[in-house]
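Residue strings, one per chain:
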Amino acid sequence: LPAAVFLKDTKLMDVKLGQLGSWLAMRDFTPSGILGGMRRGYDRYYNKYINVRKGGLGGISMLLAGYIVLSYMWSYSHI
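Heads up: these notes are all about the structure in this document.

What counts, and at which threshold
- Residues numbered from 1 in each chain as written.
- Predicted model: local features only at pLDDT ≥ 70, side-chain atom pairs only at ≥ 80, totals over all residues.
- Heavy atoms only, no water.
- Helix = DSSP H or I, 4+ residues; strand = E, 2+ residues; numbered from the N terminus.
- Areas by Shrake-Rupley, 256 points an atom, 1.4 Å probe, with all protein chains shown as cover.
- Patch = residues over 30% accessible without salt bridge, like charges linked within 9 Å, V, L, I, M, F, W, Y side chains within 5 Å.
- Salt bridge = Lys/Arg side-chain N within 4 Å of Asp/Glu carboxyl O.
- Lys, Arg positive; Asp, Glu negative; His and termini not counted.
- Charge placed at Lys NZ, Arg CZ, Asp CG, Glu CD.
- Expected span 1.5 Å × (residues − 1).
- Buried < 20%, exposed > 50% of the residue type's maximum accessible area, 1.4 Å probe, protein only.

A word on the overall build of the chain
For step 1, the next point in the chain: When helices and strands are counted, the chain shows 4 helices and 0 strands.
For step 2, the next point in the chain: Reading the chain from its N end, one meets helices and strands in the order α-α-α-α.
For step 3, the next point in the chain: Accessible area of the chain: about 7500 Å², with a carbon and sulfur share of 66%.

A closer look at the environment of K8
For step 1, the next point in the chain: For K8, the location among the structural elements is in helix α1 (residues 3-8).
For step 2, the next point in the chain: Taking the C-alpha atoms as reference points, K8 and L24, 16 residues apart in sequence, are found 9.0 Å from one another.

A look at a nonpolar patch on the surface
For step 1, the next point in the chain: Among the surface-exposed residues, L12, L17, L20, L24, F29, I34, L35 and M38 lie close enough to one another that they form a single nonpolar patch of about 840 Å² accessible area.
For step 2, the next point in the chain: Counting only elements with at least two residues in the nonpolar patch, the list comes to α2 (20-25) and α3 (31-50).
For step 3, the next point in the chain: Residue contributions to the nonpolar patch peak at 3 residues, all from α3.
For step 4, the next point in the chain: Residue placement: L24 occurs in helix α2.

Things to note about a positive patch on the surface
For step 1, the next point in the chain: On the surface, K11, R40, R44 and K48 cluster together into a positively charged patch.
For step 2, the next point in the chain: Along the polypeptide, K48 turns up in helix α3.

Describing α3
For step 1, the next point in the chain: Under the 1.5 Å per step criterion, the end-to-end length of α3 is 27 Å for 20 residues, consistent within 8% with the ideal 28 Å.
For step 2, the next point in the chain: In terms of burial, α3 is largely open, as just 1 of its 20 residues are buried.

Honestly, that's just the spatial picture; any functional story needs more than this.
Have a look at this one:
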């Protein structure tokens, strides 16, 4: 693969400091390009945190921890 194609498809977190200028030069800064980037970011966030397909131990443990903290606050409101 040519380096330009590889660098264009690289995420910002994976770009080295010396490659940052070249990487920025390959970005699309037109209004449609900026809106497309915002849309991709929103879709990535939505699919990772909102549109979760399967539940796991993490969600159950957060719910249990929230219940424990809330019941502690109700029981010891004088603290």
